[in-house]
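Coordinates in review
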Amino acid sequence: MNVWKLIMEKLQVGSKVHVTVIDPADQGSDQAAEIAVEASKLGTDVLFVGGSTGVTSENLEATVLAIKDRCGLPVVFFARSQALSVHCDAILFLSILNSRNLRYVIGEHVAAAPYIHKLGFETISTGYVIVEPGMTVGKAAEANLLPREGVTEAVAYGLTAQFFGMDLLFLEAGSGASEPVSPAMVRGVKENVKIPLLVSGGIDTAEKAASLSRAGADIIGTGTVAENRDFGRLEAIIRSFKNP
């Protein structure tokens, strides 16, 4: 299974892609699998498994295996590469471009690359930029948070990711953020940057999802709503993003 090819095939025909984000540290593996099954029924396209803190080899492996046993959607790992599960279909090989710590920009990647290569993992090269308020991931990644009104800076980061040859630009407001990345920032990036744009964090209503879709987001990620099992709201978010 080539996950990025599947995503690009959808984007190239004008479809939007929805990602459900599942953190192995937030619930047991059986509960995670239940979330994945319900999200699949509602139209999510891909599952991202990972988190900013509390992810271990044990809870990641149990979560991925439980999901794979019950759900046919692609499973992509992101965040801590040192806890990587061999049962994932791909890894979001992300560089936190606005981290103050080179460990998160390039250091961990160098350490993990030989292992990833040996296992033959599909990698999706991703420029990851954390936007205010940033929440837990902003603190964990030691990020110089991008201001919500920092459209010019977001475009510069996006162009940098593009010029580096990355597959994807990921703008992240942080899990549980009160507001997502602004539509103005999304619009500014899409007017200048050619690589696909993924937006996550704070997308907890259908209206926010539709607004980001109209602004040009190609992919959005929803985590908290799914993990709260608010499947009615999740369905509305997916539907509104894909048909704003």
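Our subject in this report is the structure included herewith.

Definitions and cut-offs
Residues numbered from 1 in each chain as written. Predicted model: local features only at pLDDT ≥ 70, side-chain atom pairs only at ≥ 80, totals over all residues. Heavy atoms only, no water. Buried < 20%, exposed > 50% of the residue type's maximum accessible area, 1.4 Å probe, protein only. Helix = DSSP H or I, 4+ residues; strand = E, 2+ residues; numbered from the N terminus. Contact = heavy atoms within 4.5 Å. Core = buried A, V, L, I, M, F, W, Y, C linked by side-chain atoms within 4.5 Å. Pairing = 2+ DSSP bridges.

**Remarks on helix 8 (residues 206–215)**
Helix 8 sits mainly inside the fold: seven of its 10 residues count as buried. Along helix 8, the positions that sit buried rather than exposed are Ala206, Lys208, Ala209, Ala210, Leu212, Ser213 and Ala215. Packing partners of the buried residues in helix 8 comprise helix 7 (183–190), strand 7 (197–200), strand 8 (219–222) and helix 10 (231–242). Taken from the residues just after helix 8, Gly216 is the one with a positive phi, measuring 120°.

**A short note on the nonpolar core**
Inside soluble globular proteins, nonpolar side chains tend to come together where they are buried. Formed by 55 residues in total, the largest nonpolar core has its most connected members in Val199 and Ile220. Here the element with the most residues in this core is helix 2 (residues 29–42); it accounts for five residues. Every residue in contact with Ile220, bar those within four places of it in the chain, is listed here: Val17, His18, Val19, Val199, Ile203, Ala209, Leu212, Ile237 and Phe241. Among the nonpolar cores identified, the runner-up in size contains 26 residues, and Ile124, Val137, Ala141 and Leu168 belong to it.

**Side note on the pairing of strand 4 (residues 90–96)**
Taking burial as the measure, the seven residues of strand 4 include six buried ones, the bulk of the element. Note: strand 3 (residues 75–77) against strand 4, two bridges, orientation parallel. Bridging across to strand 4, Val76 finds its partner in Ala90. Of the strand pairs in this sheet, strand 4 and strand 5 (residues 123–130) are connected by six bridges, and their pairing is parallel. Paired with Ile91 across the two strands is Thr123, which belongs to strand 5.

**Regarding the environment of Leu169**
Turning to its location among the elements, Leu169 is positioned in strand 6 (residues 168–172). Residue class for Leu169 comes out buried when judged on its relative accessible area of 0%. A C-alpha to C-alpha distance of 10.0 Å links Leu169 and Ala154, two positions 15 residues apart in sequence.

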